[in-house]
Amino acid sequence: MLVFPGDPLPSIPPPPKANTTLKVGPGLTHTPPDNIVVHKAGELNIDERRHALWIEGNGKRYIPSLNDVVIVTVLRSTSDAYICTIPSSISPAPSSTQAMLPHLAFPGATKKTRPQLYPGCTVYARISLANKHMDPELECYDAESQKAEGFGELKGGMVFNVSLGMARRLLGDGKKIRQLRLKQRKVEAEKGGEDLATDDEEISNGMEVLEELGRVLPFEVAVGRNGRVWVDSEEPKVTLCVGRCIQQSEFLTGKEQRALVREALKKL
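As annotated in an unreviewed UniProt entry, the protein chain carries the name Exosome non-catalytic core subunit rrp40 and comes from Discina gigas. Taken verbatim from the UniProt record of the protein chain, the Subcellular location (unreviewed entry) comment is "Nucleus".

Turning to the pairing of strand 11 (residues 134–139), a few remarks are in order. As paired elements, strand 10 (residues 122–131) and strand 11 share 4 bridges and run antiparallel to each other. Within strand 11, the position partnered with asparagine 131 by the bridge is methionine 134. Between strand 10 and strand 11, which pair antiparallel one after the other, the connecting turn spans 2 residues.

Ordered in space as 1-5-6-2, the 4 strands form an open sheet in which the pairing is mixed. The two strands at the open ends of the sheet, each matched to only one other strand, are strand 1 (2–3) and strand 2 (23–24). When strand 5 (residues 42–47) meets strand 6 (residues 52–56), the two strands line up antiparallel, connected through 5 bridges. What sits directly across from asparagine 45, in strand 6, is tryptophan 54.

All right, on to the environment of threonine 21 then. Relative to the elements of secondary structure, threonine 21 occurs in the loop between strand 1 and strand 2. Measuring from C-alpha to C-alpha, the distance between threonine 21 and histidine 51 comes to 7.3 Å, with 30 residues separating the pair along the chain.

A separate point is the pattern of salt bridges. Counting across every chain of the model gives 8 salt bridges. As a salt-bridge pair, glutamate 250 and arginine 169 come within 3.8 Å of each other at their nearest N and O atoms. With a gap of 81 residues between them, glutamate 250 in the loop between helix 4 (236–248) and helix 5 (254–267) and arginine 169 in helix 1 (residues 164–170) connect regions that are remote in the sequence. Comparing glutamate 250 with arginine 169, the two get one shared label, buried. In this structure, glutamate 212 and arginine 215 form a salt bridge, with 3.2 Å as the shortest nitrogen-oxygen distance. One network of salt bridges, with partners in common, ties together Glu211, Glu212, Arg215 and Arg258.

On to unusual backbone geometry. Only a minority of non-glycine residues have a phi that is not negative, and only a minority of peptide bonds are not trans. Although it is not a glycine, asparagine 67 adopts a positive phi angle of roughly 75°. With respect to the helices, strands and loops of the structure, asparagine 67 is situated in the loop between strand 6 and strand 7 (69–77). Residue classification places asparagine 67 among the partly exposed positions, given a relative accessible area of 45%.

The 3 strands are arranged 13-15-14 in an open sheet whose pairing can be described as antiparallel. Where the open sheet ends on each side, the last strands, each with one partner, are strand 13 (158–161) and strand 14 (220–224). Mean inter-strand twist for the sheet, computed between neighbouring axes without regard to direction, equals 20°. Here 5 bridges tie strand 14 to strand 15 (residues 228–232), and the two strands are oriented antiparallel to one another. By the bridge assignment, valine 223 is partnered in strand 15 with valine 229.

Further remarks concern helix 5. Taking 1.5 Å per residue, 14 residues should reach 20 Å; helix 5 reaches 21 Å between its end C-alpha atoms and fits that length. Considered for burial, the residues of helix 5 that qualify are Gly254, Gln257, Arg258, Leu260, Val261 and Ala264. Seen along its axis, helix 5 keeps its buried residues to an arc of 155°; they face one direction. Those residues of helix 5 that are exposed and angled more than 90 degrees off the buried face are Lys266 and Lys267. Tucked into the core, helix 5 has its buried residues touching helix 3 (208–214) and helix 4.

The next thing to look at is the confidence of the model for the protein chain. Detail in the predicted coordinates should be disregarded across regions flagged by low pLDDT. The share of residues in the protein chain with pLDDT of 70 or more is 85%, and the mean pLDDT across the chain is 84. Averaged pLDDT values over the elements of the protein chain bottom out at 65 in helix 2 (residues 173–191) and peak at 96 in strand 15.

Next up on the list: the UniProt feature "domain: Exosome complex exonuclease Rrp40 N-terminal" (unreviewed entry) in the protein chain. Those places that UniProt annotates as "domain: Exosome complex exonuclease Rrp40 N-terminal" (unreviewed entry) correspond, in this numbering, to residues 22–61. Within the segment residues 22–61, helix and strand shares are 0% and 52% respectively, and the terminal C-alpha atoms sit 27 Å apart.

We now examine the packing of helix 4 against helix 5. Two elements in contact, helix 4 and helix 5, have axes whose closest approach is 10 Å; the angle formed by their N-to-C orientations is 150°. The angle between helix 4 and helix 5 places the two elements in the roughly antiparallel class. In the crossing of helix 4 with helix 5, the sense of the turn from one axis to the other is right-handed. Residues Cys241, Cys245 and Gln248 of helix 4 touch helix 5, and the partners they reach there are Leu260, Val261 and Ala264.

Each value, and the rule that gives it
Residue indices begin from 1 for each chain and proceed along its sequence in written order. Owing to the predicted nature of the model, reporting of local features is limited to residues with pLDDT of at least 70; listing and counting of side-chain atom pairs is limited to 80 or more, with chain, interface and lining totals taken over all residues. In computing side-chain properties, one takes all heavy atoms of the structure into account and sets aside hydrogens as well as water. UniProt positions are given in the numbering used here, feature names are shortened, and annotations may be inferred rather than shown by experiment. Think of it this way: DSSP has to see at least two bridges between two strands before they count as a pair. Strands here mean DSSP runs of E at least two residues long; helices mean DSSP runs of H or I at least four residues long; both are numbered from the N terminus. The working definition used for a salt bridge is a side-chain nitrogen of Lys or Arg within 4 Å of a carboxyl oxygen of Asp or Glu. Each residue's exposure class comes from its accessible area (1.4 Å probe, protein chains only) as a fraction of the maximum for that residue type: buried when under 20%, exposed when over 50%, partly exposed otherwise. To define axes, lines are fitted to C-alpha atoms, for helices over the stretch in contact only, and angles between the resulting N-to-C directions are given on a 0 to 180 degree scale. Here, expected helix span is obtained from the residue count minus one, scaled by 1.5 Å. This arc corresponds to the set of directions leading from the helix axis out to the C-beta atoms. Contacts are assigned to residue pairs that have any heavy atoms within 4.5 Å of one another. The pLDDT value tells you how sure the predictor is about a given residue, anywhere from 0 up to 100. For this classification, under 35 degrees means roughly parallel, over 145 means roughly antiparallel, 65 to 115 means roughly perpendicular, and everything else is oblique. Here a crossing is taken to be left-handed if its near helix is turned anticlockwise relative to the far helix by less than a right angle, and right-handed if that turn runs clockwise.

Below, the structure is given as structure tokens:
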């Protein structure tokens, strides 16, 4: 269901269990006690099992959020931190947010052993502090294990731009949305008294392109929620092939994504 700012919401299903709190996600504003207002255009998603609702859309401007993984660029270094920029989509207009990456925000880092980053370096980081009144703060380790877990400087490779919605699907959000879509189709078919055979790959989870590429090509990939995808491999042509396939697969079904990869591999 598409909604726009100011649109009224449909009736929200009752909670599956007593005392279950309603979870209001991105695109919606909750005004106590029970007033919920749409403030972003997109597709309304309602998860009855988790009693949650949110708006899914392909925005161009990234807004930092706590624990998001992002791909940033180092601008300069100060006495105690690296000043970085968190870029968003370059179309229709460039957008970026300045962030701070402390020198000691790396696993086991000290003043002597901290990584040396220079202007222009690409870094994979996690947002550890997000507040609308101040610049966000970054960390380069996993919050639970306190280990690098892939965070840190991304050496070599190339960075490709995708929409924010595509980035979220590549990070796994698409699987949850796909399950909701299949469930909705089943409910609608039962209400209409029809026996509709649903093609499981007709609704993409956004991951088919990486799954198909990973079966044949060796490469590394890092996805940031700010709409940046870093790809690296031993051969530049493989890196370009992977990046282009990811960019071209955004509006394709699962079957179409796999067909796209097969055609790209033939040309490669």
